[in-house]
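Close look at the chain arrangement
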Amino acid sequence: MNLKQKLIENNTLLLDGGFATTLESLGCSINSSLWSAEILKTNPDMIAQVHQLFSQAGADIILTNTYQAAYPSFRNAGFHSDEIDQFLKTAVNTARSSQTDSVLVASLGPYAAYLTDGSEYTGDYNVSDDVYLSYHKERIQTLINYGITDFVFEAVPNFDEIKALTETVIPYFKQYDLTFWLSCTVGNTGDLSDGTDFQKVCEYIADHPDEWSVFGINCSTIQGIEASLSKGMLDVPQYTALYPNGGKTYDAVTKTWSGKDQTDILFTHAAEWQEKGVNIIGGCCGILPKDIRTLADIIHQK
Ligand SMILES: [Zn+2]
């Protein structure tokens, strides 16, 4: 079943949680520029195990471990194209092998995921539409070749990149029948991480229903998400998705997390978001399979 069919048949879908966090909880060290993509190379069985844990916890949607797995990132680490093809194949196959009746969606990180200089969290970068296209198109094409039809651009912090995805990257693949979902990150005031007024982002997305089937926020605090809801986040014609992080802040220099864990308040907010009609709810960094199981009890009981 594809994502659109699954959304039509269910009021609320449960997404999985933090892939990298779960890998770390199983003892994996992911302190490299390739982040959790590193494990595609060193330990594919561990990737399969994480997918299985989220499946067993009740996730309706499983995301591939491909957020960081763009061709330029792997090339920077010294890999050749055919090796990168193989990593993406491993990512798709390990996710497929864990599926029960869940939907598989390919995760795509923003251009900033390649920079690994912290701009992933500030949205502070500026490149041309051609650069965005050449960064994104190779991975998408390979994933299409492996049978993927549903894609999510995640943690996008920059309005120019959102526009480039909408007006350049997605149209590039118009000969295929694909579904695209956009998740962006917001600061604690509810505006896009690069500072763009979130109302402006929502209006732009609302004007592009042919490009985007799902619009959401991920890897942001619950405080930030709540603020964005008052800026029109749920007024778009698209399906909506909210999957916050565990409340801690990432330090890109030391590659560590600090701050207060918010997992407990995620559960109360998840129930409220479901009441408000949010279509996809789950977790991002810091949210483990056990938390997804608790969310399953909340979301699937309705
Ligand atoms: Zn995250």
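The rules we used
Residues numbered from 1 in each chain as written. Predicted model: local features only at pLDDT ≥ 70, side-chain atom pairs only at ≥ 80, totals over all residues. UniProt positions renumbered as here; feature names shortened; annotations may be inferred. Helix = DSSP H or I, 4+ residues; strand = E, 2+ residues; numbered from the N terminus. Rg over C-alpha atoms; globule rule 2.2 N^0.38 Å. Contact = placed C-beta atoms within 7 Å. Pairing = 2+ DSSP bridges. Buried ≥ 20, exposed ≤ 12 C-beta atoms within 10 Å, placed from the backbone. Arc of directions from axis to C-beta. Right-handed = clockwise from strand over helix to strand, strands pointing away. Axes fitted to C-alpha atoms, helices over the stretch in contact; angles between N-to-C directions. Parallel < 35°, antiparallel > 145°, perpendicular 65-115°, else oblique. Left-handed = near helix turned anticlockwise from the far one by under 90°. Nonpolar A, V, L, I, M, F, W, Y, C, P; charged D, E, K, R; others polar. Core = buried A, V, L, I, M, F, W, Y, C linked by C-beta atoms within 7 Å.

As recorded by an unreviewed UniProt entry, the chain carries the name Homocysteine S-methyltransferase and is attributed to Corticicoccus populi. Recorded in UniProt under Cofactor (unreviewed entry), the annotation for the chain is "Zn(2+)".

A few points about the overall build of the chain
A count of helices and strands for the chain gives 14 helices and 10 strands. Radius of gyration (C-alpha) of the chain: 17 Å, near the 19 Å computed for a compact globule of 302 residues. Across the chain, contacts joining residues at least 24 apart in sequence account for 78% of those joining residues at least 6 apart.

Topic: unusual backbone geometry
Despite not being glycine, Ala155 has its phi angle at roughly 55°, a positive value. Looking at the element boundaries, Ala155 is found in strand S4 (residues 150-156). Located in the positive-phi region is Cys219, a residue other than glycine, with phi close to 45°. Note on placement: Cys219 falls in the loop between strand S6 (214-218) and helix H12 (222-229).

Overview of the sheet that holds strand S7 (residues 239-243)
Strands sit in the order S1-S10-S7-S6-S5-S4-S3-S2 across an open sheet of eight strands; the sheet is parallel. With partners counted over all chains shown, the strands left at the sheet margins are strand S1 (13-14) and strand S2 (61-63), one partner each. Where S1 meets strand S10 (residues 280-281), two bridges bridge the pair, whose relative direction is parallel. Along S10, the bridge assignment pairs Leu13 with Ile280.

Comments concerning H12
Every buried residue of H12 is listed here: Ile222, Gly224, Ile225 and Ser228. Seen along its axis, H12 keeps its buried residues to an arc of 160°; they face one direction. Buried-residue contacts for H12 involve helix H11 (198-206), S6, S7 and helix H13 (263-275).

A short note on the pairing of strand S5 (residues 179-184)
With five of six residues buried, S5 is to be regarded as a mostly interior element. Pairing of S4 with S5 involves five bridges; the strand directions are parallel. Across the sheet, the residue bridging to Phe151 is Phe180, located in S5. At this point the chain moves from S4, through helix H10 (residues 159-172), to the parallel S5, and the crossover so formed is right-handed. Read from S5 through H11 to S6, the crossover connection turns out right-handed.

What about the UniProt feature "binding site: Zn(2+)" (unreviewed entry) in the chain?
In this numbering, the UniProt entry assigns the feature "binding site: Zn(2+)" (unreviewed entry) to Cys219, Cys284 and Cys285. In summary, the annotated positions, though distributed over 67 residues, converge in three dimensions, the widest C-alpha pair being only 6.4 Å. Assessed through the 25 C-beta atoms surrounding it within 10 Å, Cys219 is described here as buried. Once residues lying within four places of it in the same chain are set aside, the contact partners of Cys219 are Ala155, Thr185, Asn245, Cys284 and Cys285. Residue position: Cys285 is located in the loop between S10 and helix H14 (289-299).

Structural notes on the packing of helix H9 (residues 129-145) against H10
Where H9 contacts H10, the axes come no closer than 9 Å and their chain directions differ by 60°. Regarding the angle of H9 to H10, the classification is oblique. Note that H9 runs across H10; the crossing there is right-handed. Seen from H9, the contacting residues are Asp129, Tyr132, Leu133, His136 and Lys137; seen from H10, they are Glu161, Ala164, Thr168, Val169 and Tyr172. Here the residues of the contact of H9 with H10 are counted per class, giving five nonpolar, two polar and three charged.

Things to note about the nonpolar core
Membership of the largest hydrophobic core comes to 91 residues, with the highest contact counts inside it found for Leu15, Ile61, Val105, Phe151, Leu182, Ile280 and Ile281. If sequence neighbours within four positions are ignored, Phe151 has contacts with Val105, Ala106, Leu108, Ile140, Leu178, Phe180 and Trp181.

Quick word on the environment of Asp194
One can find Asp194 in the loop between S5 and H11. We classify Asp194 as buried; it has 23 C-beta atoms within 10 Å. As a C-alpha pair, Asp194 and Asp124 span 70 residues in sequence and 6.2 Å in three-dimensional space. If sequence neighbours within four positions are ignored, Asp194 has contacts with Thr122, Gly123, Asp124, Pro157, Asn158 and Phe159.

Some words on the pairing of S6
The element S6 is extensively covered by neighbouring structure, given that five of its five residues are classed as buried. Burial of S6 is two-sided: the residues Val214, Gly216 and Asn218 facing one way and the residues Phe215 and Ile217 facing the other way are all buried. Two elements, S5 and S6, share four bridges in a ladder whose sense is parallel. Residue pairing across strands places Cys184 opposite Ile217, the latter belonging to S6. Two elements, S6 and S7, share five bridges in a ladder whose sense is parallel. From the neighbouring strand, Gly216 faces S7, where its bridge partner is Ala241. Note on the crossover from S6 through H12 to S7: the handedness is right-handed.

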